[in-house]
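Results of the structural survey
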Amino acid sequence: MEQIQKVPFLDLKSQQDEVRSELVEALTSTIDSTTYILGPQLERFESRFARYCDCRYAAGVSSGTAALHLALLAVGVGAGDEVITVPNTFVATVEAILYTGARPVLVDVRDDTYCIDVEAVRRAVTARTKAVIPVHLFGQTCDMDPLMGLAETHGFFVIEDACQAHGARYMGRAAGSLGHAAAFSFYPSKNLGGFGDGGAVTTNDARIAERVRLLRHHGQAGRNVYTDIGFNYRLDEMQAAVLAVKLNHVDRWTERRRELAALYRELLRDTDYRFQEAPPEVLPVYYIFAVRHEKQQAIRDSLDGAGIGWGNHIAPPIHVQPGYAFLGYQEGSFPVSERLARELVSLPVYPQLSNEQVNYVATTLGRVVVSISSATTER
Ligand SMILES: Cc1ncc(COP(=O)(O)O)c(C=O)c1O
């Protein structure tokens, strides 16, 4: 018999219900406008999203993957180049590098923040390094200042993978404004999510923005003038209308995510669960909140048994995926990423979650650790 979920991992229905009338109004007016591609909804959303990210420009595109692809192309990445990134990311980060013809070079992450190890980047830089993609994992920015310092010394571009980090901050500055360009995803489950696929490139560089706008629209520079082999990577008007509505609420939702994360930490403080650590200069947005423990399977089983949804967000890492064996890495190449994949369990953390639900999850997790320790003692 199927277990009834007491606490689902994600509950998009409750989020849509909160803003349903605004969404219906925005969608209805877009339907009536009969402009569905490259119209006023997109322009309005782009200028507001740019401001939200402390950036001069935002270009809406069809997904986070498209955003990464176009950002790389816009800074000139192509065949013969190397692009450094991490193995504990969603596969799209590495896909986008491969689409350009460049070679992905992987480096491990830090054990405390789960984000790119800038010292490992320093060791991996070669004369061919054209770009680095730091992934702001789980809604927490990477250590950007030392990385930008390296970029200046070696002359490479930094493209933030901010697909999980809408509204996150580093030294008071917004994710999306920290590198030369950034890629965002508006996949429905993201902190800012549409009713389908969507994404954006943000930048302060007018040339990068212009290049992205050209390439997302078939390389069309003017009416019936095609200067480049481009793509159909546009963000449509219906998605832009939805995203513009939700952008009004995302900061409030983020605040609630922060409260929930703090509550989990407080309730689990006397256990041996570990958490992603945020240095003081980093303000996370908790796209994902995960506990870390060696007994990953026992934890998942207990959550299943209690009717609690959980997620598995970075496992197994890219370098051990069958389709990526050709990159030439082996199991053991990136010990921190591999350990994280074996130890993390993502918990429900959406803004509509109640404190009672968090209490229930934490109590369940507390029991697992107790039963694990007593099982260990009995042995
Ligand atoms: C870190 C990261 N990079 C890239 C992507 C790709 O975004 P999309 O699914 O919108 O193509 C995602 C989201 O799914 C992601 O989490």
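Residues numbered from 1 in each chain as written. Predicted model: local features only at pLDDT ≥ 70, side-chain atom pairs only at ≥ 80, totals over all residues. Heavy atoms only, no water.

Okay, the overall build of the protein next. Counting secondary structure elements, the protein contains 13 helices and 14 strands. A globule of 379 residues ought to have a C-alpha radius of gyration of about 21 Å, and the protein, at 21 Å, matches this closely. Looking at the protein as a whole, 55% of its 379 residues are labelled buried. Counting only contacts in the protein whose residues sit at least 6 apart along the sequence, the fraction spanning at least 24 positions is 72%. Accessible surface, the protein as shown: approximately 16,300 Å² in total, 51% of it carbon and sulfur. Separation between the mean location of the 37 positive side-chain charges and that of the 45 negative ones in the protein comes to 2 Å. (Helix = DSSP H or I, 4+ residues; strand = E, 2+ residues; numbered from the N terminus. Rg over C-alpha atoms; globule rule 2.2 N^0.38 Å. Buried < 20%, exposed > 50% of the residue type's maximum accessible area, 1.4 Å probe, protein only. Contact = heavy atoms within 4.5 Å. Areas by Shrake-Rupley, 256 points an atom, 1.4 Å probe, with all protein chains shown as cover. Lys, Arg positive; Asp, Glu negative; His and termini not counted. Charge placed at Lys NZ, Arg CZ, Asp CG, Glu CD.)

Tracing the chain through its elements places Thr 30 in helix H2 (residues 20-33). A polar side-chain atom of Thr 30 sits 2.7 Å from the main-chain carbonyl oxygen of Ala 26. Contact partners of Thr 30, with chain neighbours within four places excluded, come to Thr 35, Tyr 36, Gln 41, Glu 237, Met 238 and Ala 241. (Polar contact = N/O pair within 3.5 Å; in protein donor to acceptor, adjacent residues only side chain to side chain.)

We now examine the site of the ligand. Taken together, 15 residues are adjacent to the ligand, and Gly 64, Thr 65, Asp 161, Ser 185 and Lys 190 come closest. One of the side-chain nitrogen or oxygen atoms of Asp 161 is found 2.8 Å away from a nitrogen atom of the ligand. For the ligand, the accessible surface in isolation is 380 Å², of which the surrounding protein chains cover 92%. At the level of elements, helix H4 (64-74) and helix H5 (92-100) are the ones that each hand at least two residues to the shell around the ligand. For the shell around the ligand, the element with the most residues is H4, which contributes 3 residues. Here the residues of the shell around the ligand are counted per class, giving 5 nonpolar, 8 polar and 2 charged. (Near = heavy atom within 4 Å. Nonpolar A, V, L, I, M, F, W, Y, C, P; charged D, E, K, R; others polar.)

What follows covers the nonpolar core. With 42 residues, the main nonpolar core has Ile 84, Val 121, Phe 138 and Met 144 as its most contacted residues. For this core, the secondary structure elements donating two or more residues are strand E3 (103-106), helix H6 (118-124), helix H7 (144-154) and helix H12 (335-343). Looking at this core element by element, the count peaks at 5 residues for H7. When residues are assigned to domains, this core turns out to be shared by domain 1 (12-247) and domain 2 (250-378), each giving three or more. Setting aside anything within four residues of it in sequence, one finds Phe 138 in contact with Tyr 114, Gln 164, Gln 276, Tyr 286, Tyr 287, Ile 288, Ala 290, His 313, Ile 314 and Leu 344. (Core = buried A, V, L, I, M, F, W, Y, C linked by side-chain atoms within 4.5 Å. Domains from an automatic or database assignment.)

Attention shifts here to the packing of aromatic side chains. With the rule as written, the count across this model stands at 12 aromatic pairs. Seen in terms of ring centroids, Phe 45 and Phe 186 are 5.5 Å apart; in terms of plane orientation they differ by 80°. Their pairing is edge-to-face. You can see Phe 45 sitting in helix H3 (residues 40-52) and its partner Phe 186 sitting in the loop between strand E8 (181-185) and strand E9 (199-203), a full 141 residues away along the chain. Phe 45 gets classed as buried once you look at its relative accessible area, which sits at 2%. Consider the rings of Tyr 264 and Phe 289, whose centres lie 5.1 Å apart with planes at 10°: the pair is stacked. You can see Tyr 264 sitting in helix H10 (residues 250-267) and its partner Phe 289 sitting in strand E13 (residues 289-292), a full 25 residues away along the chain. (Phe/Tyr/Trp six-rings, centres within 6.5 Å; stacked < 30°, edge-to-face > 60°.)

Between H4 and H5, the shortest axis-to-axis distance is 9 Å and the interhelical angle comes to 40°. By the angle between their axes, H4 is oblique relative to H5. In the crossing of H4 with H5, the sense of the turn from one axis to the other is right-handed. Here Thr 65, Leu 68, His 69, Leu 72 and Leu 73 of H4 lie close against H5, whose contacting residues are Ala 92, Thr 93, Glu 95, Ala 96, Ile 97, Tyr 99 and Thr 100. (Axes fitted to C-alpha atoms, helices over the stretch in contact; angles between N-to-C directions. Parallel < 35°, antiparallel > 145°, perpendicular 65-115°, else oblique. Left-handed = near helix turned anticlockwise from the far one by under 90°.)

Take the environment of Pro 280 next. As for its position among the elements, Pro 280 is in the loop between H10 and strand E12 (282-283). The class for Pro 280 is exposed, based on a relative accessible area of 83%. Sequence separation of Pro 280 and Ala 102 is 178 residues, and the distance between their C-alpha atoms is 35 Å.

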